[in-house]
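What follows is the residue order along each chain.
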Amino acid sequence: MTQRRGFIKAAAGTALTLPGLTASNLLFAQDKTPIKVGVLHSLSGTMAISETALKNTVLMTIEEINGKGGVMGRKLEAVVVDPASNWPLFAEKARQLITQDKVAATFGCWTSVSRKSVLPVFEELNGLLFYPVQYEGEELSKNVFYTGAAPNQQAIPAVEYLMGKQGGAAKRWVLLGTDYVYPRTTNKILRAFLKSKGVDEKDIDESYTPFGHADYQTIVANVKKFSTGGKTAVVSTINGDSNVPFYKELGNVGLKATDVPVVAFSVGEEELRGVDTKPLVGHLAAWNYFMSVKNPENEKFIKMYKEWAAKNKVPNASTVVTNDPMEATYVGIHMWKQAVEKAKSIDVDAVRPAVEGQTFKAPCGFTLTMDKTNHHLHKPVMIGEIQANGQFSVVYKTKEPIRAQPCRRSFPATKASRRPDVLFWG
């Protein structure tokens, strides 16, 4: 023991003379205990249909990293909790992960209400959250890295596409969502955008349903009636398992994409696994990644997940799919790993600046960058059409990643009108 203390003391003295090395760096390198990371996703309740795959992605990525030696020689250990689609429980579980489990970072949340629930906890306790899902913007936090899309990377481009000739030149708009902060704030942004483009108030219909809503007969009938007044498109921010009955009802009434196209912001390959997609061919989703994109990184990503699912006996492993939030989760974990290696520490205050500016060659086919000032990923925009096999055919893709603009002052969305990103910390 005395010899070990002497070595540490000597190493600490040496560290002071070597650029980039500190005593804490050396102690970190010597420590071979696992690094704990939190997994904060609903594995039960209405959001389990979407979030379970993200939990799987975290576990797969940890296994991948550990198989290559871990992070600076230390293995990663997942601490998985189930907040059960219960928004106050998200905050309780976040506090548990940080204070009791002592996780170095947490990967989690899907809905904005869950993120809003945990945000004060991460800021109070100086934790680090990687949030992998598209959201409504209007938020910046030094304790969160946003690897999903901001509105200018998904919602606005999708509406612009539907307004154009290729998207059907829609003149009337149904804004349909689940009743919580993300759909309401996104639709507030979209309503302002539509009005800036000359769309009249009478040509915008807006309605909401609660989480877990299952009866869409009346709503779809209203959409069909509204569409008789002119070329109509539906913008859907329905979340969770409610997407299944909504799309089934579209098929039941024969409302095809050629009649009234639906563009969804929270429906991907995973949600469509429980739906007969043949009646839905041509309807759209706007994301930053689709399983169908062709490139070496995506082929590796898909193969790795399919093999992991089979090995770990995931239900229906033979039909598992990848989707956008899974890719965002995968990118976030790797950027955190790279930042830890750069900082030579798992301390939040050391890792945070090391995440800023990180790059990663992602399965979407682009090299993504974490913005140094607003903690959002630069991401490409993709719009895909639903195919009969439940996959998406990409009909629109930007040539390069787009910088996120989480805060906006006004429309139209020209470069001159974009609000500068504002930092909430020094």
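The structure we're discussing is the one just above.
All of these numbers come straight from a predicted model, not from anything done at the bench. (Residues numbered from 1 in each chain as written. Predicted model: local features only at pLDDT ≥ 70, side-chain atom pairs only at ≥ 80, totals over all residues. Heavy atoms only, no water.)

### Some remarks on the environment of D101
Applicable threshold: Elements are defined by DSSP. Helices are runs of H or I of four residues or more, strands are runs of E of two residues or more, and each kind is numbered from the N terminus. For the exposure calls, accessible area comes from a 1.4 Å probe over protein chains only, and a residue counts as buried if that area is under 20% of its type's maximum, exposed if over 50%, partly exposed in between. By definition in these notes, contact holds between two residues if any of their heavy atoms fall within 4.5 Å.
For D101, the location among the structural elements is in the loop between α4 (87–99) and β3 (105–108). Residue classification places D101 among the buried positions, given a relative accessible area of 17%. Counting along the chain gives 64 residues from D101 to V37, while the straight-line C-alpha distance between them is 8.8 Å. Among all residues touching D101, those that are not within four sequence positions of it are K36, V79 and Q96.

### Digging into empty space enclosed by the protein
Quick reminder of the rule: Here a cavity denotes grid points, spaced 1 Å and computed from the protein atoms alone, that fit a 1.4 Å probe unable to get out, and a pocket denotes an open set having protein on both sides within 12 Å along at least 5 of 7 lines; residues with an atom within 4 Å of a point are the lining. Grid points are joined across faces, edges and corners, and a volume is the space filled by probe spheres set on the points. Gly is placed with the polar residues, together with every amino acid not listed as nonpolar (Ala, Val, Leu, Ile, Met, Phe, Trp, Tyr, Cys and Pro) or charged (Asp, Glu, Lys and Arg).
Applying the stated rule across the entire model yields one cavity of 30 Å³ or more. There is about 40 Å³ of room inside the largest cavity. Contributing to the lining of the largest cavity are H41, F107, G108, F130, P132 and T329. For the lining of the largest cavity, the residue count by class is three nonpolar, three polar and no charged.

### So, the side chain of T277
With respect to the helices and strands, the residue T277 is situated in the loop between β9 (262–264) and β10 (284–287). Residues in contact with T277, not counting those within four places in the same chain, are L272, I386, Q387, A388, N389 and G390.

### A short note on the pattern of salt bridges
Under the convention used in this document: In the sections that follow, a salt bridge refers to a side-chain nitrogen of Lys or Arg positioned within 4 Å of a carboxyl oxygen of Asp or Glu.
One pass over the structure, following the stated rule, counts 20 salt bridges. Across the pair E64 and K68 runs a salt bridge whose closest N-O atoms are separated by 3.7 Å. Residue E64 is classed as buried on the basis of its relative accessible area of 10%. Relative accessible area serves as the criterion here: at 62%, K68 is assigned to the exposed category. Residues E307 and K303 are paired through a salt bridge, measuring 2.7 Å at the closest nitrogen-oxygen approach. Of this pair, E307 and K303 both sit in helix α10 (residues 296–311), four residues apart, which is roughly one turn of that helix. Residue E307 is classed as partly exposed on the basis of its relative accessible area of 45%. A relative accessible area of 51% places K303 in the exposed class. Members of the salt-bridge network, linked through shared partners, are R115, K116, E136 and E139.

### Considerations on the sheet that holds strand β7 (residues 204–209)
Applicable threshold: Two strands qualify as a pair provided that DSSP identifies no fewer than 2 bridges between them. With axes taken as lines fitted to C-alpha atoms, and helix axes fitted only over the stretch in contact, angles between N-to-C directions fall between 0 and 180 degrees.
Pairing is mixed across the open sheet formed by seven strands, whose spatial order is β7-β6-β8-β9-β10-β14-β15. Every other strand in the sheet has two partners, leaving β7 and β15 (392–397) as the edge strands with one partner each. Here the strands of the sheet are splayed against their neighbours by 25° on average, with no regard to which way each runs. Contacting β6 (172–178), β7 and β8 (232–237), helix α7 (residues 181–196) crosses the sheet at an angle of about 180° to β7. Most of the contacts of helix α8 (residues 217–226) go to β6, to which it runs at about 165°, and overall it touches β6, β7 and β8.

### Brief notes about the packing of aromatic side chains
Aromatic ring pairs are described here by two measures, namely the spacing of the ring centres and the angle between the planes. Threshold: The rule is short: rings of Phe, Tyr and Trp, with Trp giving its six-membered ring, pair when the centres are within 6.5 Å, and they are stacked under 30 degrees, edge-to-face over 60, tilted in between. Distance and angle both matter: a charge sits over a ring if NZ of Lys or CZ of Arg is within 6 Å of the ring centre and within 35 degrees of the ring normal.
By the definition in use, this model includes 17 aromatic pairs. With a centroid separation of 5.1 Å and an interplanar angle of 55°, the aromatic rings of W87 and F211 are classed as tilted. Of this pair, W87 sits in helix α4 while F211 is found in the loop between β7 and α8, placing the two residues 124 residues apart along the sequence. Assessed through its relative accessible area of 16%, W87 is described here as buried. Judged by relative accessible area, which is 22%, F211 ranks as partly exposed. Taken together, the ring pairs connect W87, F90, Y180, Y182 and F211 into an aromatic cluster. The ring of Y131 has R115 sitting right over it, with the charged end atom 4.8 Å from the ring centre.

### Focus: the sheet that holds strand β4 (residues 129–131)
Here five strands make up an open sheet; going across it, the order is β2-β1-β3-β4-β5 and the pairing parallel. If you trace the sheet from one side to the other, it starts and ends with β2 (76–81) and β5 (144–146), each paired once. Between one strand axis and the next, the sheet turns through 25° on average, direction left out of account. Pairing of strand β1 (residues 35–40) with β3, which is carried by four bridges, proceeds in the parallel orientation.

### A look at unusual backbone geometry
A negative phi angle is the norm for most residues apart from glycine, just as the trans form is the norm for most peptide bonds. Positive phi, close to 55°, is recorded for A169, a residue that is not glycine. Relative to the helices and strands, A169 resides in the loop between α6 (155–163) and β6. Phi angles above zero are rare outside glycine, and K313 is one such case at about 55°. If you trace the backbone, K313 turns up in the loop between α10 and α11 (324–343).

### Concerning the nonpolar core
To keep things clear, this is the line we draw: The definition of a nonpolar core used throughout is a set of buried Ala, Val, Leu, Ile, Met, Phe, Trp, Tyr and Cys residues joined through side-chain atoms within 4.5 Å.
Ranked by internal contacts, the top residues of the largest apolar core, which has 100 residues, are F246, Y247 and W336. The greatest single-element share of this core, amounting to nine residues, is contributed by α11. Look past the residues within four positions of W336 in its chain and what remains in contact with it is I35, V37, L76, A104, A105, F107, L128, F130 and V351.

### A short note on the pairing of β3
Two faces, one strand: in a regular strand the side chains alternate between the faces of the sheet. As a reminder of what qualifies: Classification remark: right-handed applies to a crossover when, strands pointing away from the viewer, the course from the first strand over the helix to the second runs clockwise.
Alternating residues of β3 divide into A105 and F107 and T106 and G108, and every residue in both groups is buried. Note: β3 against β4, two bridges, orientation parallel. Residue pairing across strands places T106 opposite L129, the latter belonging to β4. Viewed along the sheet, the connection from β3 through helix α5 (residues 112–125) into β4 turns out right-handed.

Nothing here speaks to function; it is geometry throughout.
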